[in-house]
Amino acid sequence: MSYQAPVAEMQRLARRLGHDRLAETERFAEATAETRSAILTEAAKMAEEVLAPLNRGSDESGAQLENGVVRTSPGFTDGYGAIAEGGWVGISADPEHGGMGLPRSLSVMVNEMMASACLSLSLCPVLSAGQIEALEAHGSEELKAVYLPKLTSGVWTGTMNLTEPQAGTDVGALRTKAERAGDGSYRITGQKIWISWGDADFAENVVHLVLARLPDAPAGTRGISLFLVPKRLPDAKGRPGAANSVSVVSLEHKMGLHGSPTCVMAFEGATGWLVGEENKGLACMFTMMNNARLLVGIEGVATAEMATQAALAWSMERVQGHTVDGSGTIVGHADVRRNLMTMKALTRAARAICYDCAFSLDMAHAAEDAEARAHHARRGAFLTPIAKAYGTDTGIEVANLAVQVHGGAGYAEDTGIAQYLRDVRITAIYEGTNGVQAMDLVGRKLAGDGGATALSLLAEARSAASAAERSGQDGSAEALAEALHRAVDTAEDVTRRLAGAAEIDRGAAATPYLKLMALVLGGASLLRGAVEDGGEEETAIARFHLLQLLPMVEAHAAAARAEATALYALDAERLTAVV
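A.B. asks: Can you help me understand the overall build of the protein chain in this one?
C.D. replies: The helix and strand inventory of the protein chain stands at 19 helices and 11 strands. Counting only C-alpha atoms, the protein chain reaches 75 × 65 × 50 Å along its principal axes. A buried classification covers 56% of the 579 residues belonging to the protein chain. Taking all contacts inside the protein chain whose residues are at least 6 apart in sequence as the whole, residues at least 24 apart take part in 74%. When the accessible area of the protein chain is evaluated, it comes to approximately 23300 Å², of which 51% is carbon and sulfur surface. Treating the 51 positive side-chain charges of the protein chain as one cloud and the 71 negative ones as another, the clouds have centres 3 Å apart.

Here is the structure:
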């Protein structure tokens, strides 16, 4: 089926979250509602007309490695060309280097459209955008002058190289070596795996950010440095010149995302340049990774949107049995209706959390006063792991429900529905698994400030419930407000328990806690939409979420309160024994 960008929903949500306040800041003065509307209209046109037709073909004819060069899926050269020529790679990049300088809040909307249309291709500009942000924050003036204009324009593409066979989540175990060359450059030697878009035949040059260890570096993460290593070495005029000692060894054969080449990269004394300070590379790379984590959450939302559109269309066409509402198609069956309402509610709630996170990250840079900047920085940091994990969990659940709604036709590859589930499954794994996100939430974020940020967010959710009570709408608003108040009570109790809990108990509670927070925050956003917009659809979706999905908060809370005893009741030997 064809993709239709949900521009109206994006606009409503942006207004509700206060995105218009960005235009009141000096940094984002140009980000007016009119600008946002124009940007989204043009991005929607590109996503619907140029990118969406490439998605199915990219699954059937994925990237191939030929004589050391990655050959991309049919149509990707033109598709990427449209992205680059439209300026979409550098939408949030510094205007000094050719970017639009617009807020992240707007770029995540554009990225959602591109990812809905063709997730495999959309990964390429996302990686470049993350590298741009890392170089803007940590690159030398010389590196910025050469690389940022090319990356921002999309003529060159960017990657990040962290993972090695023995060093995945444990980045400190990496073995890639860096040696000082004596002329200000370094020689990088090692192998990296799982490198998305490690090469592309439509790119004039591919720029790699590579984590490596210097000979005299301390052990572990304290001894990691970050290096910029281009596929081709720029000449005196900044044009791609001689080939660097960088090669693609092989491509991974994956469950999904066939159009996105996942490369094994070899660096054999390759020339690179330091980004940031020696032995401080992980902090520099995390600038890129934090950007990527929010955008990966958006990938989940994007897939959920596309899968929901496909399931809705199918439910209106498929005739199967008698329906009590007389609709004549499966949309009238109660179980199908439950699936469809779940899909819409989860998608909108996850989108709201991601957009809210982006807004706070923008305000952390743009707010006029230091206290406001600090508040939004804490808020955005807290929401980032929730956005990543809940966004991608939602993408997987909704794609799975889309297969269910389609029945056997969904399981068969002919309809293309299975592709959504296969493609989105990786999003819960890369850029930090969702378990790692949950551990980050309860460790660095929750315990780090004693639960203050979490309780502040829950206070905002409670204010949404109070506003619904005062709205003067019919009695259903009071019932929804009561449901949200109960959920907030539960979430506050668990938050206070975990803030002072032992590390092992916080770890055991991490995933259920993230899920209950996402349900509460997402439900609060939907209730605000029902009260402020008052539309029939917004009200119906909020009602379904708060009365049908929000009760799961109590189950997640029970799991979070159970501490670690249930998880560690068996020792490792007995747990892994086959009996």
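That was the structure; now back to the text.
A.B. asks: Just to check I follow, could you spell out the nonpolar core for this structure?
C.D. replies: Note on soluble globular proteins: their nonpolar side chains tend to be buried together. Grouped together as the largest cluster of nonpolar side chains are 166 residues, with contacts concentrated most on M113, L121, I386, L484, Y513, M517 and V520. Contacts of L121, omitting those with residues within four sequence positions, involve L51, L54, F76, G79, Y80, I83, W197 and F202. V70, A212, A217 and F227 belong to the second largest nonpolar core, which has 20 residues in total.

A.B. asks: What is the right way to look at a nonpolar patch on the surface in this model?
C.D. replies: Taken together, I504, L567 and Y568 make up a surface patch of nonpolar side chains, about 350 Å² in accessible area. Of note, Y568 is situated in the loop between α18 (552-561) and α19 (572-576).

A.B. asks: When you look at helix α14 (residues 452-470) in this model, what are you seeing that I'm missing?
C.D. replies: Turn by turn, an α-helix covers 3.6 residues, leaving residues three or four places apart pointing in a common direction. Spanning 19 residues, α14 covers 27 Å between terminal C-alpha atoms, matching the ideal 27 Å at 1.5 Å per step. Taken as a whole, α14 has its buried residues at T453, A454, L457, L458, A461, A464, A465, S466 and A468.

A.B. asks: Looking at this model, I keep getting lost on the pattern of salt bridges. Mind explaining?
C.D. replies: Opposite charge on two side chains makes pairing possible when the charged atoms of those side chains draw close. Summed over all chains, the structure comprises 33 salt bridges. Notably, a salt bridge pairs E482 with R486, separated by 3.1 Å at the nearest N-O pair. Taken as a pair, E482 and R486 lie in helix α15 (residues 475-499) at a separation of four residues, close to a single helical turn. Taking relative accessible area as the criterion, E482 reaches 48% and is therefore assigned partly exposed. The exposure class assigned to R486 is partly exposed, which follows from its relative accessible area of 46%. Each of E9, R12, K344, R348, E537 and E538 takes part in salt bridges that share partners, so that together they form one network.

A.B. asks: Please explain unusual backbone geometry as it appears in this structure.
C.D. replies: Excluding glycine, residues mostly have negative phi values, and the peptide bonds linking residues are mostly trans. Phi at W197 is positive, roughly 55 degrees, even though this residue is not glycine. In this fold, W197 is placed in the loop between β5 (186-196) and β6 (205-212). With a phi angle near 60 degrees, E431 is a residue other than glycine that sits in the positive phi range. In this structure, E431 sits in the loop between α12 (417-424) and α13 (434-446). For E431, a relative accessible area of 17% corresponds to the buried category.

A.B. asks: What's the story with the environment of R21 in this structure? I'm lost.
C.D. replies: In this structure, R21 sits in the loop between α1 (7-17) and α2 (33-51). Sequence spacing of R21 and G190 is 169 residues, and the spatial spacing of their C-alpha atoms is 47 Å. Setting aside residues up to four positions removed in sequence, R21 forms contacts with F359, M363 and H376.

A.B. asks: Any chance you could explain the packing of helix α9 (residues 334-366) against helix α10 (residues 370-406) here in plain terms?
C.D. replies: Interhelical geometry of α9 versus α10 gives an angle of 155 degrees and a closest axis separation of 7 Å. Classified by the angle their axes make, α9 and α10 are roughly antiparallel. For the pair α9 and α10, the sense of crossing is left-handed. Considering only residue class, the contact of α9 with α10 consists of 23 nonpolar, 11 polar and four charged.

A.B. asks: So what exactly am I meant to see when it comes to the pairing of strand β11 (residues 262-275) here?
C.D. replies: Counting buried positions over the 14 residues of β11 gives 11, a clear majority of the element. Looking at chain direction, β5 and β11 are connected through nine bridges and run antiparallel. Bridging from a neighbouring strand, G190 pairs with F267 of β11. Sheet analysis places strand β7 (residues 225-230) next to β11, joined by three bridges and oriented antiparallel. The residue bridging L226 from the neighbouring strand is V275, located in β11. Of the strand pairs in this sheet, strand β10 (residues 246-251) and β11 are connected by five bridges, and their pairing is antiparallel. Of the residues in β11, the one forming a bridge with L251 is C263.

A.B. asks: Just checking my understanding: could you explain the environment of R232 for this structure?
C.D. replies: Assignment of secondary structure puts R232 in strand β8 (residues 232-234). The class for R232 is partly exposed, based on a relative accessible area of 31%. Beyond its immediate stretch of four places on either side in the chain, R232 contacts E204, N205, P240, G241, A242, A243 and N244. A distance of 2.9 Å separates a polar atom in the side chain of R232 from the backbone oxygen of G241.

A.B. asks: Quick question: what am I supposed to make of the environment of P240 here?
C.D. replies: Its location among the elements puts P240 in strand β9 (residues 240-243). P240 sits in the partly exposed class, given a relative accessible area of 24%. In this structure the C-alpha to C-alpha distance between P240 and E204, which are 36 residues apart in sequence, comes to 7.3 Å. With sequence-adjacent residues up to four places away left out, P240 is seen in contact with W156, E204, N205, R232, L233 and P234.

A.B. asks: Just to check I follow, could you spell out the packing of aromatic side chains for this structure?
C.D. replies: Tallied over the entire structure, the rule returns five aromatic pairs. Note on Y80 and F202: the rings are 4.5 Å apart at their centroids and 15 degrees apart in plane angle, and the pair reads as stacked. With a gap of 122 residues between them, Y80 in helix α4 (residues 76-85) and F202 in the loop between β5 and β6 connect regions that are remote in the sequence. Clustering of aromatic rings is evident, with ring pairs tying together F76, Y80, W197 and F202.

A.B. asks: What should I look at first to understand the pairing of strand β3 (residues 156-161) in this one?
C.D. replies: Consecutive side chains along a regular strand alternate between the two faces of the sheet. Counting buried residues in β3 gives six out of six residues, a clear majority hidden from the surface. Two strands pair when backbone bridges link them, and β3 and β6 are joined in this way by six bridges, in the parallel orientation. For W156, the partnering residue across the bridge sits in β6 and is N205.

A.B. asks: I would appreciate a short explanation of the side chain of K144 in the present structure.
C.D. replies: For K144, the location among the structural elements is in helix α7 (residues 141-153). Apart from the residues within four sequence positions on either side, K144 is in contact with H97, L135, E136, G139 and P149.

A.B. asks: Where do I start with the side chain of S185 in this structure?
C.D. replies: Mapping S185 onto the fold places it in the loop between β4 (177-180) and β5. Within polar-contact distance, the side chain of S185 engages the side chain of D183 at 2.5 Å.

A.B. asks: Looking at this structure, how should I read the packing of α13 against helix α16 (residues 503-533)?
C.D. replies: Two quantities define a packed helix pair, namely the angle between the helix axes and the distance between the axes. Closest axis-to-axis distance for the α13/α16 pair is 8 Å, and the angle between their directions is 110 degrees. For the element pair α13 / α16, the angle class is roughly perpendicular. Two secondary-structure elements touch here, α13 through Q437, A438, M439, L441, V442, G443 and L446 and α16 through R506, G507, A510, T511, Y513 and L514. A class-by-class count of the residues in the contact of α13 with α16 yields eight nonpolar, four polar and one charged.

Thresholds, definitions, all that
- Residues numbered from 1 in each chain as written.
- Predicted model: local features only at pLDDT ≥ 70, side-chain atom pairs only at ≥ 80, totals over all residues.
- Heavy atoms only, no water.
- Helix = DSSP H or I, 4+ residues; strand = E, 2+ residues; numbered from the N terminus.
- Buried < 20%, exposed > 50% of the residue type's maximum accessible area, 1.4 Å probe, protein only.
- Contact = heavy atoms within 4.5 Å.
- Areas by Shrake-Rupley, 256 points an atom, 1.4 Å probe, with all protein chains shown as cover.
- Lys, Arg positive; Asp, Glu negative; His and termini not counted.
- Charge placed at Lys NZ, Arg CZ, Asp CG, Glu CD.
- Core = buried A, V, L, I, M, F, W, Y, C linked by side-chain atoms within 4.5 Å.
- Patch = residues over 30% accessible without salt bridge, like charges linked within 9 Å, V, L, I, M, F, W, Y side chains within 5 Å.
- Salt bridge = Lys/Arg side-chain N within 4 Å of Asp/Glu carboxyl O.
- Expected span 1.5 Å × (residues − 1).
- Axes fitted to C-alpha atoms, helices over the stretch in contact; angles between N-to-C directions.
- Parallel < 35°, antiparallel > 145°, perpendicular 65-115°, else oblique.
- Left-handed = near helix turned anticlockwise from the far one by under 90°.
- Nonpolar A, V, L, I, M, F, W, Y, C, P; charged D, E, K, R; others polar.
- Pairing = 2+ DSSP bridges.
- Polar contact = N/O pair within 3.5 Å; in protein donor to acceptor, adjacent residues only side chain to side chain.
- Phe/Tyr/Trp six-rings, centres within 6.5 Å; stacked < 30°, edge-to-face > 60°.

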